Amino acid sequence: MSTAALAADALAGRQAPEVAPSPNSVPRRRPRIAGTTTEPLPVRACSGEVLGRHTTEPTRVRRQADPARVRRTAEAEAPALRLTRRGRMLMTALSVLVFGSAIVVLGLRISGVLEPGPDFTHTVPVQVAPGQTLWSIAQDTNPAQDPATVVEKIADLNKLSGPADLVPGQTLQIPIAR
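Residues numbered from 1 in each chain as written. Predicted model: local features only at pLDDT ≥ 70, side-chain atom pairs only at ≥ 80, totals over all residues. Heavy atoms only, no water.

What about the overall build of the protein chain?
So, step 1. In terms of helices and strands, the protein chain carries six helices and two strands.
So, step 2. The order of α-helices and β-strands along the protein chain, N terminus first, is α-α-α-α-β-α-α-β.
So, step 3. Each of the 178 residues in the protein chain was classed as buried or not, and the buried ones make up 12%.
So, step 4. Looking at the protein chain alone, contacts between residues at least 24 apart form 56% of all its contacts between residues at least 6 apart. (Helix = DSSP H or I, 4+ residues; strand = E, 2+ residues; numbered from the N terminus. Buried < 20%, exposed > 50% of the residue type's maximum accessible area, 1.4 Å probe, protein only. Contact = heavy atoms within 4.5 Å.)

Focus on the nonpolar core
So, step 1. Membership of the largest hydrophobic core is limited to 12 residues, which are Val-128, Leu-134, Ile-137, Ala-138, Val-150, Val-151, Ile-154, Ala-155, Leu-160, Leu-166, Leu-172 and Ile-174.
So, step 2. Listing elements by their share of this core, those giving two or more residues are helix H5 (134-141), helix H6 (147-158) and strand E2 (171-177).
So, step 3. For this core, the element with the highest residue contribution is H6, accounting for four residues.
So, step 4. For Ile-154, the residues in contact, after removing those within four places along its chain, are Leu-134, Ile-137, Ala-138, Leu-172, Ile-174 and Pro-175. (Core = buried A, V, L, I, M, F, W, Y, C linked by side-chain atoms within 4.5 Å.)

Quick notes on the pairing of E2
So, step 1. Burial runs high along E2: five of the seven residues are buried.
So, step 2. Bridging between strand E1 (residues 120-127) and E2 involves seven bridges; their strand directions are antiparallel. Pairing of His-122 across the sheet is with Ile-176, part of E2. (Pairing = 2+ DSSP bridges.)

In structure tokens form, the structure reads like this:
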């Protein structure tokens with residue numbers, strides 16, 4: 001009988017044609033499950049996660065039972081975000097750019113390049129009144145400037161080492177900014 005005739009007979013009687021096994025092939029064994037018949041098991045088209053069934057609870061039970069199995073399941077679980085080599089290179093370059101620019105800006109600010117101090121053009125003599133401090137004198141004479149910068153400049157010009165050096169009635173040279 002020809003192959004076409006076998007196929008036609010099989011379709012007519014709905015029986016599978018008998019195929020002789022090749023001498024090199026080993027018949028496939030199916031696992032036997034207690035309490036079931038020899039009917040084929042249903043095949044699922046998708047995994048449990050696709051159906052909305054998550055396996056978090058059995059994993060916890062397995063972790064208590066077998067630590068070696070836990071390692072295998074942890075290795076098999078995919079991470080939430082997987083970066084390619086190009087993505088890792090991009091993230092590295094981006095982080096270097098951000099941190100590098102932050103270091104440059106911080107260094108320039110510390111060195112005073114970004115915010116130069118006030119330009120003091122001349123000095124005026126001021127007599128210290130009782131209860132006055134260098135801070136109050138700096139605020140009175142240069143209201144538009146940062147008092148801390150002006151106090152530092154006053155102390156440098158008048159060779160003052162601390163607030164105890166300030167005496168009422170003393171005359172100080174105060175720098176005036178534009």
